[in-house]
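# Summary of the model geometry
One-letter residues, chain by chain:
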Amino acid sequence: MLECIVFYGLAAAVLGSALGVVILRNVLHSALFLGLALACTGGIFALCGSDFLFVSQILVYVGGIALLILFVVLLSGRSKDLQSRQINDQWLAALVVAGTTVALLYRSLSVFSNAFARTEPAAATLPIGRLLLTDYLVPFELVSLLLLAALMGAVWFTRSKT
Amino acid sequence: MGIGLFGVLTRRNIIGILMSIELMFNAVNINLVAFNRYLYPDQVIGQTVALFLITLAAAEAVVGLALVLAIYKNLNTVYTENFDLLKG
């Protein structure tokens, strides 16, 4: 019962913040609503019993990506941008495309709605660590290589031409 | 996922497009974790793949924002209809 209340509250918060991200005119408000949406998504992860994913979502997404987006918004904004219209002219076609995608996803995922297992979730940090170091060692190392490449790319793109 | 898709297709600001891409990444992560929790509760493979996706999304956001800063330094705008260096 409490789980239902918490889940619906968090889901409503995520959907409301996501709508705020894509509709608001003020880009700074959009970035702040993105931070809220990411934090509430972390809450949904915690509700599903994945403690490590909850913590890493807050650390990486809210503390890293949302902050980075906030920096770029503050570095590249002008005061007259805060009231200009942020939705371009193809919003009706985009609404049709997004609505069709959501309807198709709902149809294809609701097949699984009667196969739920009603067990308590176990703590997942130790099994995730074990999987990362035994079965998924190669993707683990490749992801670290990818992060190195992304870091070098970011430094290269923002260097000054002196 | 639908809200993120609508945002990617309609926002004029390039940072708004990047934010909507992050929303879509989060929707996929929620899906993976929910499948793991309710259909295969004794395994953690869904959470491991979601962890990889968080890392990938972080790397992609870093590179995308570096590109946005480089574009802003050259063109002094962040609106996609003003990116006209490739127009004939």
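What follows concerns the overall build of chain B. A tally of helices and strands in chain B yields three helices and zero strands. Reading chain B from its N terminus to its C terminus gives the helix and strand order α-α-α. Taking 88 residues into account, the globule formula puts the C-alpha radius of gyration at 12 Å, and chain B, at 17 Å, lies well above it. Out of the 88 residues belonging to chain B, those deemed buried represent 44%.

On to the nonpolar core, then. A general feature of soluble globular proteins is that nonpolar side chains tend to end up buried together. Ranked by internal contacts, the top residues of the largest apolar core, which has 51 residues, are Val-21, Leu-34, Ala-37 and Ile-69 of chain A together with Ile-15, Met-19 and Leu-65 of chain B. Counting residues per element, the ones that place at least two in this core are α1 (2–23), α2 (27–47), α3 (51–75), α5 (125–134) and α6 (137–157) of chain A together with α1 (2–10), α2 (14–39) and α3 (45–75) of chain B. Ranked by residues supplied to this core, first place goes to α2 of chain A with ten residues. Counting residues domain by domain, this core receives three or more from each of domain 1 (1–77) and domain 2 (124–162) of chain A. Apart from the residues lying within four places of it in its own chain, the contact partners of Ile-69 of chain A are Ala-31 and Leu-34 of chain A together with Ile-15, Leu-18, Met-19 and Leu-65 of chain B.

Per-residue pLDDT for chain B averages 84, and the proportion of residues at 70 or more is 99%. The ipTM assigned to the predicted complex is 0.85, against a pTM of 0.85.

The rules behind each value
- Residues numbered from 1 in each chain as written.
- Chains lettered and ligands numbered in written order.
- Predicted model: local features only at pLDDT ≥ 70, side-chain atom pairs only at ≥ 80, totals over all residues.
- Helix = DSSP H or I, 4+ residues; strand = E, 2+ residues; numbered from the N terminus.
- Rg over C-alpha atoms; globule rule 2.2 N^0.38 Å.
- Buried ≥ 20, exposed ≤ 12 C-beta atoms within 10 Å, placed from the backbone.
- Core = buried A, V, L, I, M, F, W, Y, C linked by C-beta atoms within 7 Å.
- Domains from an automatic or database assignment.
- Contact = placed C-beta atoms within 7 Å.
- pLDDT = per-residue confidence, 0-100.

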